[in-house]
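Coordinates in review
Letter by letter, the chains look like this.
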Amino acid sequence: VRIEDKLYQNRYLVDAGRPHIKVRQHQSPSPNLLALTVVCPANCYQVNEDGQVEVTADGCMECGTCRVLCEESGDIDWSYPRGGFGVLFKFG
Ligand code: SF4
């Protein structure tokens, strides 16, 4: 089973206009930010046409990988979604 097929089982309740992850403004991405485009299991981080890293947090699984990676550098702001929003895992 492909990982994409497994991820498709999850459901998300998007808190419109209040993303729980934000990338801090930058001219060019730090090595940490570039690493996020590879390590995020939900592929939430992308490099845009201006060469900056941006996040689309709608599919975030709240695994915390990006939070840990950028804990010291402060490249992102990360908080849990408000109650009732975010990922809903389906098991089985
Ligand atoms: Fe991706 Fe995990 Fe960070 Fe969510 S918490 S954006 S799934 S690395």
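See the structure shown above.
A few points on the structure. None of these values were measured; they are calculated from a predicted model.

Turning our attention to the layout of surface pockets. In this structure, the largest pocket spans a volume of roughly 250 Å³. Forming the walls of the largest pocket are 20 residues, and the residues nearest its centre are Asp15, Arg18, Pro19, His20 and Pro81. Of all the secondary structure elements, the ones that give two or more residues to the lining of the largest pocket are strand S1 (11–13) and strand S6 (86–88). When grouped by side-chain class, the residues that make up the lining of the largest pocket number 11 nonpolar, 4 polar and 5 charged.

So, about a nonpolar patch on the surface. Taken together, the side chains of Val38, Val39 and Leu69 present a nonpolar region at the surface, about 250 Å² in accessible area. Among the secondary structure elements, Val39 is positioned in helix H2 (residues 31–39).

All right, on to the site of the ligand then. Among the 13 residues in the neighbourhood of the ligand, the closest are listed as Cys40, Cys60, Cys63, Gly64 and Cys66. Because more than half of its atoms lie within 2 Å of the grid, the ligand is assigned to the largest cavity. Split by residue class, the shell around the ligand holds 10 nonpolar, 2 polar and 1 charged.

A few words on the state of the cysteines. In total, this model carries 0 disulfides according to the counting rule given. Cys40 supplies the cysteine sulfur nearest to Cys44, a cysteine that is in no disulfide, at a spacing of 4.0 Å.

Cut-offs and rules
All chains use their own residue numbering, which begins from 1 and follows the written sequence. Given that the model is predicted, a residue must reach a pLDDT of at least 70 before its local features are reported, and side-chain atom pairs must reach 80 or more before they are shown or counted; all residues, however, enter totals for whole chains, interfaces and linings. As a convention, hydrogens and water are excluded, and side-chain values are obtained from all of the structure's heavy atoms. We place a 1 Å grid over just the protein atoms. Points where a 1.4 Å probe fits but has no way out form a cavity, open points with protein on both sides within 12 Å along at least 5 of 7 lines form a pocket, and any residue with an atom within 4 Å of a point lines it. Grid points are joined across faces, edges and corners, and a volume is the space filled by probe spheres set on the points. The helix count covers DSSP runs of H or I at least four residues long, the strand count covers runs of E at least two residues long, and both are numbered beginning at the N terminus. Charged residues are taken to be Asp, Glu, Lys and Arg, nonpolar residues to be Ala, Val, Leu, Ile, Met, Phe, Trp, Tyr, Cys and Pro, and polar residues to be all remaining types, Gly included. Here a patch means residues that are over 30% exposed by relative accessible area and free of salt bridges, tied together within 9 Å if like-charged and within 5 Å if nonpolar (Val, Leu, Ile, Met, Phe, Trp, Tyr). Each accessible area is a Shrake-Rupley result for a 1.4 Å probe, and residues are judged covered by the shown protein chains and nothing else. Criterion for a salt bridge: a side-chain nitrogen of Lys or Arg within 4 Å of a carboxyl oxygen of Asp or Glu. When we say a residue is near a molecule or strand, we mean one of its heavy atoms is within 4 Å of it. Each molecule is assigned to a cavity or pocket provided more than half of its atoms lie within 2 Å of the corresponding grid points. The term disulfide is used for any two cysteine sulfur atoms that are within 2.5 Å.

Don't take any of this as a statement about function, it's just geometry.
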